[in-house]
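One-letter residues, chain by chain:
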Amino acid sequence: MKVGDLKVGDLVEVLYEHDLGLVMSEPELSADCLPGGDAYPHEHYYLLDVLFPRGLVSTDYDDVVRVINEAG
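Here's a quick rundown of the structure. (Residues numbered from 1 in each chain as written. Predicted model: local features only at pLDDT ≥ 70, side-chain atom pairs only at ≥ 80, totals over all residues. Heavy atoms only, no water.)

Comments concerning the pairing of strand E4 (residues 46-52)
Bridge count for strand E2 (residues 20-23) against E4 is 2 bridges, and the pairing is antiparallel. Pairing of Leu 22 across the sheet is with Leu 51, part of E4. As judged from the 6 bridges shared by E4 and strand E5 (residues 55-60), these two strands associate in the antiparallel manner. Paired with Leu 47 across the strands is Asp 60, a residue of E5. Counted between consecutive antiparallel strands, the loop separating E4 from E5 contains 2 residues. (Pairing = 2+ DSSP bridges. Helix = DSSP H or I, 4+ residues; strand = E, 2+ residues; numbered from the N terminus.)

This is the structure:
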């Protein structure tokens with residue numbers, strides 16, 4: 001997944017279900033997973049920003065389940 005891909009909101013993002021979203025950032029390790037974070041060293045998850053019609057949402061990379069159009 002990369003910047004510019006289009007995705008559809010999924011069931012995890014109930015407020016954004018079925019909305020089209022535009023990926024605005026590359027996946028990045030959550031601050032919680034870095035030394036000093038609440039999840040460190042037991043969890044590793046990545047966040048990315050997706051722009052939906054209702055606003056910008058920072059979401060777990062694993063929650064982005066369906067890309068409908070890849071950026072060229």
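Now, onward.
Quick notes on the environment of Ser 25
One can find Ser 25 in the loop between E2 and strand E3 (28-29). The spatial distance from the C-alpha of Ser 25 to the C-alpha of Gly 4 is 8.5 Å, given a sequence separation of 21 residues. Not counting residues up to four positions away in its chain, the partners in contact with Ser 25 are Val 3, Leu 48 and Asp 49. Of note is the side chain of Ser 25, whose polar atom sits 2.8 Å from the backbone nitrogen of Asp 49. (Contact = heavy atoms within 4.5 Å. Polar contact = N/O pair within 3.5 Å; in protein donor to acceptor, adjacent residues only side chain to side chain.)

Looking at the nonpolar core
Grouped together as the largest cluster of nonpolar side chains are 5 residues: Val 23, Leu 48, Val 50, Phe 52 and Val 57. In terms of residue count, the dominant contributor to this core is E4 (3 residues). Beyond its immediate chain neighbours, meaning those up to four positions away, Val 50 contacts Lys 7, Gly 21, Leu 22, Val 23, Met 24, Gly 55, Leu 56, Val 57 and Thr 59. (Core = buried A, V, L, I, M, F, W, Y, C linked by side-chain atoms within 4.5 Å. Buried < 20%, exposed > 50% of the residue type's maximum accessible area, 1.4 Å probe, protein only.)

Considering the pairing of E2
Side chains Gly 21 and Val 23 of E2 all project onto a buried face; the interleaved residues Leu 20 and Leu 22 project onto a face where none is buried. One ladder, built from 3 bridges, connects strand E1 (residues 6-8) with E2; its direction is antiparallel. In the sheet register, Val 8 faces E2, and the bridge partner there is Leu 20.

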